Amino acid sequence: MLETRKGIEWLIEMLRKDQSPDGSWNYPFETGLSTDAYMIILLRSLELNDEELIQGLAKRILSRQEKNGSWKLFYDEGEGNLSLTVEAYYALLYSGYYSENAEQLRASKQFILANGGLEEVSMFTKIMLSLTGQYKWPAFSPLPIEVILLPHIFPFNFYSFSVFGRANLTPIMILASKKFSIMTEKSPNLMELHLHRYSKDQWVRSNEIKSLLSYIEDGVKSLIGLPEQLRNLAIERAKKYMLDHLEPDGTLYSYYSCTFLMIFALLSLGYKKTDPVIVKAIEGIRAMKCEINGLPHMQYTTADVWNTSLISYTLQSAGVPPEDSMVSKANTYLLTRQHTKFGDWVIHNPSSLPGGWGFSDVNTINPDVDDTTASLRSISRSLPTDLAAWERGIRWVLSMQNDDGGWAGFEKNTNTKVLEFVPIEKGEFLLTDPSCADITGRTLEFFGNYTNLPNDHSAIQKGVKWLFKNQEKDGSWYSRWGICYLYGTWASVTGLLAVDVPKSHPSIQTAVNWLSRIQNEDGGWGESCHSDNKKTYVPLGASTLTHTAWVLDALISIFDKPTETIEKGIKYLLNSLEQTDWTTDYPKGQGMAGGFYIHYHSYRYIFPLLALSRYQKKYEKK
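Please read these numbers as outputs of a predicted model, since none were measured by experiment.

Conventions we followed
Position numbers for residues count from 1 along each chain, tracking the sequence in the order it is written. Given that the model is predicted, a residue must reach a pLDDT of at least 70 before its local features are reported, and side-chain atom pairs must reach 80 or more before they are shown or counted; all residues, however, enter totals for whole chains, interfaces and linings. Just so you know, side-chain values use all the structure's heavy atoms and leave hydrogens and water out. Secondary structure follows DSSP: runs of H or I at least 4 residues long count as helices, runs of E at least 2 residues long count as strands, and numbering of each begins at the N terminus. Residue burial is assigned from relative accessible area. The probe radius is 1.4 Å, only protein chains are included, and a residue is buried under 20% of its type maximum, exposed over 50%, and partly exposed in between. The criterion used for residue contact is that any of the two residues' heavy atoms lie within 4.5 Å. Here the Shrake-Rupley method, with its probe set to 1.4 Å, supplies the accessible areas, and only the displayed protein chains count as covering residues. Note on geometry: axes are C-alpha line fits, over the in-contact stretch for helices, and angles between N-to-C directions span 0 to 180 degrees. Reported orientations rely on four angle classes, namely roughly parallel under 35 degrees, roughly antiparallel over 145, roughly perpendicular from 65 to 115, and oblique for the rest. Crossing handedness is read from the near helix: turned anticlockwise from the far helix by less than a right angle, it gives a left-handed crossing, and turned clockwise, a right-handed one. Residue classes follow a fixed rule: Ala, Val, Leu, Ile, Met, Phe, Trp, Tyr, Cys and Pro count as nonpolar, while Asp, Glu, Lys and Arg count as charged, and any other residue, Gly among them, counts as polar. Whenever a carboxyl oxygen of Asp or Glu lies within 4 Å of a side-chain nitrogen of Lys or Arg, that contact is scored as a salt bridge. In this analysis, the expected span of each helix is defined as 1.5 Å times one less than the number of residues it contains. In protein, a polar contact means a hydrogen-donor-capable atom and an acceptor-capable atom, both N or O and within 3.5 Å, with residues adjacent in sequence counting only if both atoms are side-chain atoms; elsewhere, any N or O pair within 3.5 Å suffices. Classification of ring pairs uses Phe, Tyr and Trp, with its six-membered ring standing for Trp, and accepts pairs whose centres are within 6.5 Å; under 30 degrees between planes counts as stacked, over 60 as edge-to-face, and the remaining range as tilted. Charge-over-ring contacts are defined here by two conditions on Lys NZ or Arg CZ: a distance within 6 Å of the ring centre and an angle within 35 degrees of the ring normal.

Caption draft 1: Summary view of the overall build of the chain. Within the chain, the regular secondary structure consists of 25 helices and seven strands. Evaluated residue by residue, the chain yields a buried proportion of 63% over its 622 residues. Of the contacts formed within the chain by residues at least 6 apart in sequence, a portion of 74% connects residues at least 24 apart. When the accessible surface of the chain is totalled, it reaches about 24,300 Å², and 52% of it is carbon and sulfur.

Printed below as a string of structure tokens:
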């Protein structure tokens, strides 16, 4: 077994080697194959023949195919994922380099038909198929575009949605209202994948949803104006929203999905394929390309700020001084990324000034609480030089606390219950931004360990109460942004302890018992992505570096002396640092349960370094 110090030094040197010249770390933000498939479809739809990129993406997609012809979102998903398989199959055909008669694609077609055909894919896949001429738009929009005109006083309005929901739904509502589609000479024909070609309603099949649509319709009817005038006004409002929220690189909110949809929405409004707005948007998402194992991958966004803030404060926790060039360059980079513009967050939080940080390198208007506290941790030891940035960030985080006492990702009080009934698949994840254990716990940990905010401060006490109230019966906490109960429990335990909740508190003790009970025989921990969809802990059946490090950091923060559980975990960690297999690549983050998972390439270094350095500092130093 490696010595703890050697393990720490190895991790530090790996990070030092991978730092970019500008001080950031640009490890890939890997989100599966959908973005790769959509890029091929986008380029072919716009007749942009970037053959090198298309061939590279197609090769990557094919390299990830399962033996039965399907594609999966994660290793233990099951037989395969129907929506992803349709997207991959379609992209490979549209690339022009693979025929439907090819052996691999024949197997894919069999899988698709055996699992219900195009009618059973996700709503977002249906939208992509509809706008490229492979599926029929519904007779009515699942969400009428006139919603964008409803006043803020109406219980259900445009700003009831989360910012992520608005960014994606705005172009979707335009496209659905226009029933737009575009085909080219190279468009494949997917008609054979329809099993119920003449079904009346292939989109909405619920009476509850139809009654909600009636409710929305009543709200729309309350608006003054003729239906056609309202429709045109709503379309103009939606177009203006998109154009007003472009990042400097031309992308919409720096996200791949909404930029992809915006390009088609603008085409539906009469924009030419060569319009400067579309050309710049394409270049923006093209710039998100990274390389993984020698093949191109289209990132959903870049994760430079997130990677850099986590890595920099972790290095400092491991004893690397703020004056070290690696840390000082990282902090200089982070300070240039603090936001100065108002974003949509101000709608629900009008009393605060900008001061947060965003997730990606190009993000200037969409800060989030987690990136902000991570960045503040990183610059905390370079004060008082950066005192103004520090104070702006602190004020912004405090102002973003929800009325229920927790903290959410991007906006304040954006969790309207009526949205649970909106006819949008995965609406809970797309449309709402509720308080969650991972961000609430990490925010408390920041306030407790990095600031002078007293523990009896009302914001801290409200956050503590929220965590107590939202703990699961088994002692765990559900996480909105990580996988899943291990991430939420780590964040909650370390957060509570940082603000002086006693280690003997029943909430802490039940969490400890749960974490100890689910340790694997090899000393590590591992959790399946199935946990998020099933809303209960599902073991992975194998240990991972990242999951193990989260648990160890939580346990180290509790025990004054190393327990047998901790020692076994540390042994697993040290023996596995250089391991590279499917557990290393397994997603540790989620964006949308059952549909969107994230493999952070940086996590295999960050969290083991955090756990090992805290173990050494607490138990090994005399």
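From this point, the narrative continues.
Caption draft 2: Main features of the packing of helix α23 (residues 564-576) against helix α25 (residues 603-620). Look at α23 against α25: their axes get within 11 Å of each other, and the N-to-C directions meet at 130 degrees. The pairing of α23 with α25 is recorded here as oblique in orientation. The two elements α23 and α25 meet at a crossing, and its hand is left-handed. Where α23 abuts α25, its residues Ile-566, Glu-567, Ile-570, Leu-573 and Leu-574 lie against Pro-608, Ala-611, Leu-612, Tyr-615 and Tyr-619. When grouped by side-chain class, the residues that make up the contact of α23 with α25 number nine nonpolar, no polar and one charged.

Caption draft 3: Quick look at the pattern of salt bridges. For the structure shown, the criterion picks out 22 salt bridges. Of the charged contacts, one joins Glu-283 and Arg-286 as a salt bridge, the two residues approaching to 3.3 Å between their closest N and O atoms. Residue Glu-283 and its partner Arg-286 are located together in helix α11 (residues 276-286), separated by three residues, close to a single helical turn. Connected through salt bridges with shared partners, the residues Glu-30, Asp-36, Arg-60 and Arg-64 form a single ionic network.

Caption draft 4: Layout of helix α9 (residues 227-244). With 18 residues, α9 extends 25 Å from end C-alpha to end C-alpha; this agrees with the ideal 26 Å at 1.5 Å per step. Buried within α9 we find Leu-230, Ala-234, Ile-235, Ala-238, Lys-239, Tyr-241 and Met-242.

Caption draft 5: Focus on the side chain of Ser-380. Here Ser-380 is to be found in the loop between α14 (369-379) and α15 (387-399). For Ser-380, the side chain forms a polar contact with the main-chain oxygen of Arg-377, separated by 2.8 Å. Ser-380 has contacts with Trp-390 and Tyr-450, leaving out every residue within four places of it along the chain.

Caption draft 6: Representation of the packing of aromatic side chains in the model. By the definition in use, this model includes 39 aromatic pairs. Taking the centre distance of 5.9 Å and the plane angle of 40 degrees together, the rings of Tyr-27 and Tyr-605 count as tilted. With Tyr-27 in the loop between α1 (4-18) and β1 (29-30) and Tyr-605 in helix α25, this residue pair connects regions lying 578 residues apart in the sequence. The same class applies to Tyr-27 and to Tyr-605, which are both buried. Following the ring pairs from residue to residue traces out a cluster consisting of Phe-29, Trp-306, Phe-359, Tyr-487, Trp-490, Trp-550, Tyr-600, Tyr-603 and Phe-607. The positively charged end of Arg-377 is found above the aromatic ring belonging to Tyr-313, 5.2 Å away from the centroid. The lysine or arginine in question, Lys-535, covers the ring of Tyr-478, its NZ or CZ lying 5.1 Å from the ring centre.

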